Amino acid sequence: MRVGRLPAQQPTDTLVYNLAVTGAPPHLAVEARLVGWEGTSVFLSAPPPGSGTTVTAFGASDDRGVSVRVQRTGGGYVIENTRAGAIRFRYQLSFTDPVSSGSTASGLDTTRLYAVSRSLFVAPDPVLYRKTGHPYPVVRLVFLLPPGWRLVANWDSLGSVLEPRSSEELMEGAVAAAADYRFHAGAAGGAHYTVAVRGARAFTDSALVDLVSESLRRGAEAFGPVPVPRVTYISDAGRKGRTSGSLQGTASIGLLWEPGEMLERARSHDTFHETLHLWFGGVMEAERWWTEGATDYFAARLYAEWRNDPGELAALCYQSLRNYERIPHRTAMTMAAEARTMPGGDNTIRLVYRKGMLAALLLDAAIRRDSRGRASLDDVARRLLAAARDRRSRAATEAEIGEAVAQVGERSTKREWARVVAGTDRITPSQVAAALREVTGVDLPPPPPRTNVPKALSQPPSP
Ligand SMILES: [Zn+2]
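Only a predicted model underlies this, so the values are computations on that prediction, with no experimental measurement involved.

Conventions adopted
- Residues numbered from 1 in each chain as written.
- Predicted model: local features only at pLDDT ≥ 70, side-chain atom pairs only at ≥ 80, totals over all residues.
- Helix = DSSP H or I, 4+ residues; strand = E, 2+ residues; numbered from the N terminus.
- Buried ≥ 20, exposed ≤ 12 C-beta atoms within 10 Å, placed from the backbone.
- Pairing = 2+ DSSP bridges.
- Contact = placed C-beta atoms within 7 Å.

(A) Examining unusual backbone geometry more closely. For the bond running from Ala 24 to Pro 25, omega is -5 degrees, close enough to zero to count as cis. As for its position among the elements, Pro 25 is in the loop between strand E1 (14-22) and strand E2 (27-35). With phi around 55 degrees, Ala 57 is a residue other than glycine that occupies positive phi space. Turning to its location among the elements, Ala 57 is positioned in strand E4 (residues 53-62). Judged by the 10 C-beta atoms lying within 10 Å of it, Ala 57 is exposed. Its identity is not glycine, yet Arg 394 carries a phi of approximately 60 degrees, on the positive side. Positionally, Arg 394 belongs in the loop between helix H9 (377-389) and helix H10 (398-408). Of the residues examined, Arg 394 has 15 C-beta atoms within 10 Å and is grouped as partly exposed.

Encoded structure:
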């Protein structure tokens, strides 16, 4: 990317990547050619640490093969002060794991590729492009795959050539390839979807397709049409251990589950959660407790409505409560403070997920109580989505969420906000039970506490 003054209207640069799966063990050999440049430095950002890939043998040259100086920086590479003309760069990409350890990681073996796209590309830094107002290069991706492999990605596809529409699409997608993907297509909630499945599973493809289509349909019913024209779900069997789906950005959702997993409550809830990120985290950004916690609550409620079983919502909320009760800082800091001071982390021990879900339940119940059933937290969500839609930042601030909650609800809603969002009061089982009753209309008392008897034996067992 160039620095310095830029005229507002310039022809857009074009950038073509050739990515070849090659070698044993397989790696990606990547060659790129950037055209349209004016002969100043190019800033390229590299895959972040922890993305499951390593870049080696990075080099750059001009079109005649004369090598160009490259400087390694903290986050990537700078190709320095080239003369005008095309610039070529190349690198090798090695994968830490043969099989992706989760949907936010990457893996490559002789049978399949699964990758979060930011782990693949050394690419012009989108932030710098945005700052200078220069359009991001038009990108084409040409994959050279082993015989029989087919690509799965949500970008417009021209056979094995893909064209992401923006830097977000380039960097925040999931991409997969293998010879044995089974493709299922349909439409729901105003969008087209593709579900690509591979591997033998403990459930049928059609069960997964039903789940996907219901999550889109019910999401659209609650929050307005699916905000992207097409969504791609990539379902592969991951490793044994905890792997679950995660939306990587604009419109592709990786669902990597353990080989033997059933399509029951936990995974179904995950899938609804990832689908709802098309709205929360997609068209609207907010504090993490909303983007993750409220999303988790909406996912649980919509899933339970689909199953026509309020017990499903209760089970997911009480599970969240059990995890919440194990978080040491649960009454010591607010969710926003946690998000600032302890970013990331296992979602089972983070307030933004576990308390966030309960906070959303309590707010939903309070709004329904205050409005005698005429309004719900969905109304708050729709107001926020409408406000965020036209903003470049897509952001709804914490203050705006608070205002929307106060406008839709009344006294008890404001009290809940002060207690659980602005404050750090403890959330109790009886509060959760009361909220569940308000939301579902039925009694869903907390399950009896688990009696975890220590395994230490005071006496030898009798035969
Ligand atoms: Zn999430």
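(B) Structural context of the pairing of E2. Along E2, the buried face is formed by Leu 28, Val 30, Ala 32 and Leu 34; none of His 27, Ala 29, Glu 31, Arg 33 and Val 35, which line the opposite face, is buried. Where E1 lies against E2, 9 bridges are found, and the strand directions are antiparallel. Bridging from a neighbouring strand, Asn 18 pairs with Glu 31 of E2. Turn length for the E1-E2 hairpin, with the two strands adjacent in sequence and antiparallel, is 4 residues, and the turn residue Gly 23 shows positive phi of about 85 degrees. Inspection of the sheet shows E2 paired to strand E7 (residues 87-95) by 7 bridges, in the antiparallel sense. Along E7, the bridge assignment pairs Ala 29 with Gln 92.

(C) Expanded view of the environment of Phe 280. Counting through the fold element by element, Phe 280 comes out in the loop between helix H4 (265-276) and helix H5 (288-307). Remark: the alpha-carbon pair of Phe 280 and Glu 292, spanning 12 residues in sequence, is separated by 8.1 Å. If we skip the residues at most four places from it in the chain, Phe 280 touches Trp 290, Thr 291, Ala 294 and Thr 295.

(D) Inspection of the sheet that holds strand E15 (residues 174-178) at higher detail. Taken together, 4 strands build an open sheet; the order of strands is E8-E9-E15-E12 and the sheet is antiparallel. Each end of this open sheet is capped by a strand with a single partner; those strands are strand E8 (107-108) and strand E12 (150-152). Pairing between E12 and E15: 3 bridges, direction antiparallel. The residue bridging Val 152 from the neighbouring strand is Ala 176, located in E15.

(E) Region of interest: the sheet that holds strand E5 (residues 70-72). The 4 strands lie next to each other as E5-E6-E3-E10, forming an open sheet whose pairing is antiparallel. Each edge of the open sheet carries a strand with a single partner, namely E5 and strand E10 (123-124). The sheet contact formed by E5 and strand E6 (residues 76-79) spans 3 bridges and is antiparallel. Across the sheet, Arg 72 pairs through a bridge with Tyr 77, a residue of E6.

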